[in-house]
Amino acid sequence: MTTPDTATSASKARTWRYRVVPYLLIAPAIVYLAMFFAYPMYEGLVLAVYDDDALLPIRDEPNLGASEVSKIPQGTALAIVDRSSQEVVGDGSADALTDPWYEVTAEDPSGSPVSGWVSGARIRVRDEDATGAPVSGTVRPRLAATSDPLTDVHESPNDRSEVIGKLEQRAPVEINEVALLEVWFQVRPADDPAAAAGWAPSRFLQVFEDGERGRVHRGTDGEFTTAFIGRMIDDRFFGPAVRTTLLLMVLIIPAQFVLAMVMALVVHARTRLSTGFLYAFSLPIGMSDLAAGILFFSIFTGNGLLNSILDGLGIIDGPYAFLTADTVGWIIFAIVLAELWRATSIVMVILVAGLQAIPDETLEAAELFGASYFQRVRHIMLPLLRPSIQVALILRTILAFQVFAVVIALGGGDVVTVLANESYRQYFGLRNNNVASAYAVFILMLSMASAFFYLRAVRSEPETRPT
Amino acid sequence: MSLKTAPEDSAGPAAGAGLPTVLPPLDSPEVQKMHRRMRRRRGRGRLTAYITGTILTLWIAVPIFFVFSMAFTTQETVRSYPKNFLPFIAFSTDTMRFFLESDGVLQSLWNSMVVAGITLVLSTLISIPAGYAIARYLFRGRDLFRLAVLAVRAFPIVVLSIPLAVLYLRIGVFDSLYSLALMHTALALPTSILVVSSVFASVPYELEEAGKVFGATPFQSFRYIVVPLVLPGIAASGLFSFVLSWNEVFAAAILTINNRTLPALVLNSLANSPDAFQFAGGFFLMVPSIVFMFFIRRYLFNMWGQVTK
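Fair warning: this is a prediction, and the values are worked out from it, not measured in the lab. (Residues numbered from 1 in each chain as written. Chains lettered and ligands numbered in written order. Predicted model: local features only at pLDDT ≥ 70, side-chain atom pairs only at ≥ 80, totals over all residues.)

## Digging into the overall build of chain B
No. 1: In terms of helices and strands, chain B carries 13 helices and zero strands.
No. 2: Along chain B, helices (α) and strands (β) appear in the sequence α-α-α-α-α-α-α-α-α-α-α-α-α when read from the amino end.
No. 3: Taken across its 309 residues, chain B has 43% of its residues classed as buried.
No. 4: Considering only intrachain contacts with a sequence separation of at least 6, the fraction spanning at least 24 residues in chain B is 72%. (Helix = DSSP H or I, 4+ residues; strand = E, 2+ residues; numbered from the N terminus. Buried ≥ 20, exposed ≤ 12 C-beta atoms within 10 Å, placed from the backbone. Contact = placed C-beta atoms within 7 Å.)

Here's what the structure looks like:
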């Protein structure tokens, strides 16, 4: 017996199921795309316009807790006022200049025992244990007559800590413990002697030979900057890369659509070989532009297929070098062919799918009314294919911005260069993540702009589209 | 009903009903003349299709075949000029052996397999539930999700590998096959989701319902009715992910240094390796996609043919 009550609760359970289950099902995909699409995109934007190392704060005391005096931009020339050693907070960086400090036990000039920390510069190590750790030593003599002949013993490994004793020169000491301290420098901008001096750890500074001058190696505080975008635009490869990328698009995409349309019509002709043709034409879909580049390299290289054929036909007398810095036109031509070879298939598949959606009756009616084949293609198929063509255009244009390996395979990557290749060069060759990201963001922006352009161009169409 | 069911097959418009009866009878000489003309035209069209199709097939196949011949001959033949095709040159495994014995090649082949394998598994695992949800449930945001997936697929995700590399360096997983596979999964996922959803959509919901009518639990009807029907399609989408990862160059070159995959290795040795190495490398890059095309040819349009919205 089903009371209305249980029926409602059952249907409630059902609604709950239908409400929540689909979201649970798509959740992994959403999380994944957020992690590996949205987040890197955000991170890339940040890298392109945000300099992590822009500013170095200098402090009024040589420790990280002290208050900041001011921030000095990366690369500023510095005058060094003083130096000191400080216990390092965090890990010891490779760039850090370090001073050892020893915890010693010895007798002071009056003969009473004293133990505390002494700067490593004041101790000559005489004995080490098996692991190389210092065990004992003597206090170094001071050479300058003006300075205090006695050496300070500090309460903690830090020359600003309280002095708890003195040691005579050459006094023997026992070394109990070693502390490696990072050197801090008190600095001020070199060109502004009036500016307040402040302390900064050595790892962020570059100190010159004389020990009196230096510069800010990198900062710790970030700052928004257009410097990376500026460097990208000023880069000598930027102009050529933009020009070549656009030139390739202009050369490839129209030819590709004509070729893809011919392929699609051949497949659509429903001959006995249609499936075979479809398979053959779609072979390159899974192939990388690197493979296509190698294929066309084998054709265009000095002793390659093209030269062999031309030679065999008696058109040329010896191999002609197509892929050299002097024959940029030929390199571009080879790239265009390789891209036509590789990426036409995907346009073809989209167009074939579109053609299959056109009812046969429509075409037959046109034929009955005496429309020739070209008239049918021009006035019926192409207008009906418009949505497919738009999708293919967007996909193709965005793919065109990613052309990369084919350019390296056919042109080496210097003579002819494209945007994606510059991004790779900045990242790998020049180790410049920020400028590389600027390129990546630039490619993203161009892609978005072109997709937006195509979508807008479509929007005005639906009313005029024959259906 | 929040379930999406196939639209009911309404009685199609009565085709041809109500045509004026002034058409000439079918056996009249005018009509027969017209038929003859159309048939002749169609015959000519067929011939053109065969010829054009053959030329275009050669355009696709000749470069592949040429590189394959270069990959299976002696190194002297690769260096020689003028060049020739396989039946006319010495067949030998010399080039292939040279390639496989070169430093790092076997390792990179293995690396490529590991990365592509992980990509296959991950992208399939994530895309099955998402594809099922799109195909079977009507929920708020479904179109938005579909649109987002389509948009992501069209995006140059590859260039995101630079910020990803910086991130990987920061958290210490740079130059690892696993992190590269994570990137490749992100590349393959949008297409996988769309393919899997279209595969699920091609199995009528009525079949699942019929199972339930006969007392199967939702899981049972899924397991014993839907899974056998969708398995080939899902295998195709998995193969697609594999091949995509196998061929991916840019992210692989950015995200690895010592653990290079095959495309990254070939790309990096382009400038200073003999032609024989490149051609044999090209062979290994192309073989999986040729095999793959053969297996997935039925699903070609599921993968790239979806145009609507």
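## Here's the deal with the overall build of chain A
No. 1: In terms of helices and strands, chain A carries 13 helices and 14 strands.
No. 2: Rg of the C-alpha trace for chain A: 37 Å, well past the compact-globule value of 23 Å for 467 residues, more than 25% over.
No. 3: In terms of overall dimensions, chain A has a C-alpha envelope of 125 × 95 × 50 Å along the principal axes.
No. 4: Counting all 467 residues of chain A, 37% fall into the buried class.
No. 5: Partitioning the intrachain contacts of chain A with sequence separation of at least 6 by distance along the chain shows that 65% fall at a separation of at least 24. (Rg over C-alpha atoms; globule rule 2.2 N^0.38 Å.)

## Some words on the domain arrangement of chain B
All names here are of chain B.
No. 1: Per the domain assignment, the segments of chain B are domain 1 (30-88) and domain 2 (103-304).
No. 2: Here the C-alpha centroids of domain 1 and domain 2 sit 32 Å apart.
No. 3: Counting from both sides, the interface comprises seven residues of domain 1 and, opposite them, seven residues of domain 2.
No. 4: Tallied by class, the residues present in the side of domain 1 that touches domain 2 amount to six nonpolar, one polar and no charged. (Domains from an automatic or database assignment. Nonpolar A, V, L, I, M, F, W, Y, C, P; charged D, E, K, R; others polar.)

## Section: the domain arrangement of chain A
No. 1: Taken as a whole, chain A is organised into domain 1 (56-224) and domain 2 (230-459).
No. 2: Placing the centre of domain 1 of chain A and that of domain 2 of chain A at their C-alpha centroids yields a distance of 63 Å.

## Brief notes about the interface of chain A and chain B
No. 1: The partner chain B presents 76 residues to the 84 residues of chain A that form the contact.
No. 2: Sort the elements by how many residues they give to the side of chain A that touches chain B and helix H1 (residues 4-49) of chain A lands first, with 17 residues.
No. 3: Looking at the side of chain A that touches chain B residue by residue, the classes come out as 61 nonpolar, 19 polar and four charged.

## Section: the nonpolar core
In summary, soluble globular proteins display a tendency toward joint burial of nonpolar side chains.
No. 1: Residues Phe296, Ala334, Ala338, Leu351, Leu410, Ala420 and Ile443 of chain A are the most contacted members of the largest nonpolar core, which totals 173 residues.
No. 2: Element by element, the count of residues in this core is highest for helix H7 (residues 328-357) of chain A, at 16 residues.
No. 3: Not counting residues up to four positions away in its chain, the partners in contact with alanine 420 of chain A are Phe401, Gln402, Val403, Phe404 and Ile443 of chain A together with Val159 and Phe250 of chain B.
No. 4: Of all hydrophobic cores here, the second largest spans 13 residues; its members include Tyr102, Trp117, Val139 and Val173 of chain A. (Core = buried A, V, L, I, M, F, W, Y, C linked by C-beta atoms within 7 Å.)

## Side note on unusual backbone geometry
All names here are of chain A.
No. 1: The backbone of arginine 170 shows a phi angle near 70°, a positive value even though the residue is not glycine.
No. 2: Within the fold, arginine 170 resides in the loop between strand E9 (163-167) and strand E10 (172-189).
No. 3: Even without glycine at this site, arginine 431 takes up a positive phi of about 55°.
No. 4: Its place among the elements puts arginine 431 in the loop between helix H12 (419-429) and helix H13 (433-459).

## What to know about the packing of helix H8 (residues 205-213) of chain B against helix H9 (residues 218-247) of chain B
When two helices pack together, their arrangement is given by the angle between their axes and by how far apart the axes lie.
All names here are of chain B.
No. 1: Running from amino to carboxyl end, H8 crosses H9 at an angle of 125°, the nearest separation of the two axes being 9 Å. Classified by the interaxial angle, the pair formed by H8 and H9 is oblique. Read as a crossing pair, H8 and H9 show a hand that is right-handed. Along the contact surface, H8 presents Leu207, Glu208, Gly211 and Lys212, while H9 presents Pro218, Gln220, Ser221, Ile225 and Val226.
No. 2: Class assignment of the residues belonging to the contact of H8 with H9 gives a composition of four nonpolar, three polar and two charged. (Axes fitted to C-alpha atoms, helices over the stretch in contact; angles between N-to-C directions. Parallel < 35°, antiparallel > 145°, perpendicular 65-115°, else oblique. Left-handed = near helix turned anticlockwise from the far one by under 90°.)

## Observations concerning the environment of tyrosine 454 of chain A
Residues and elements named next belong to chain A.
No. 1: Tracing the sequence through the fold places tyrosine 454 in helix H13.
No. 2: On the basis of neighbour count, tyrosine 454 is assigned to the partly exposed category, with 17 C-beta atoms found within 10 Å.
No. 3: In sequence terms tyrosine 454 and threonine 397 are 57 residues apart; their C-alpha atoms lie 9.9 Å from each other.
No. 4: Among residues more than four places away in sequence, those in contact with tyrosine 454 are Gln390, Leu393 and Ile394.

## Structural notes on the packing of helix H4 (residues 105-136) of chain B against H9 of chain B
Residues and elements named next belong to chain B.
No. 1: H9 packs onto H4 with a crossing angle of 140° between their chain directions and a minimal axis gap of 8 Å. Here H4 is positioned oblique relative to H9, judged by the angle of their axes. For the pair H4 and H9, the crossing hand works out as right-handed. Across the interface between the two elements, Ser112, Val115, Ala116, Thr119, Leu120, Ser123, Thr124, Ser127 and Ile128 from H4 touch Ile234, Ser237, Gly238, Ser241, Phe242, Ser245 and Trp246 from H9.

## Details of the environment of aspartate 99 of chain A
Residue and element names in this part refer to chain A.
No. 1: As for its position among the elements, aspartate 99 is in strand E4 (residues 98-107).
No. 2: Through-space distance from the C-alpha of aspartate 99 to that of valine 183 is 6.4 Å; in sequence the pair is 84 residues apart.
No. 3: Discounting chain neighbours no more than four positions away, the residues touching aspartate 99 are Ser85, Ser119, Gly120, Ala121, Leu181 and Val183.

## Observations concerning the confidence of the model for chain A
No. 1: Overall, the predicted model of chain A reaches an average pLDDT of 83, with 91% of residues at or above 70.
No. 2: Ignoring residues within four places in sequence, the model shows residues 460-467 of chain A, a span with pLDDT below 50, making four contacts including any to other chains. (pLDDT = per-residue confidence, 0-100.)

## Notes on the confidence of the model for chain B
Residue and element names in this part refer to chain B.
No. 1: Summarising the model, chain B shows a mean pLDDT of 82, and 89% of its residues fall at 70 or more.
No. 2: Across chain B, the element-wise mean pLDDT spans from 69 in helix H13 (residues 300-304) up to 92 in H4.
No. 3: Scored below 50 in pLDDT, residues 1-18 shows 10 contacts in the model against residues more than four places distant or in partner chains.
No. 4: Interface confidence for the predicted complex, given as ipTM, is 0.82, next to a pTM of 0.78.

## So, the environment of tryptophan 110 of chain B
No. 1: Mapped onto the secondary structure, tryptophan 110 of chain B falls in helix H4.
No. 2: Sequence-wise, tryptophan 110 of chain B and valine 195 of chain B are 85 residues apart; in three dimensions their C-alpha atoms are separated by 28 Å.

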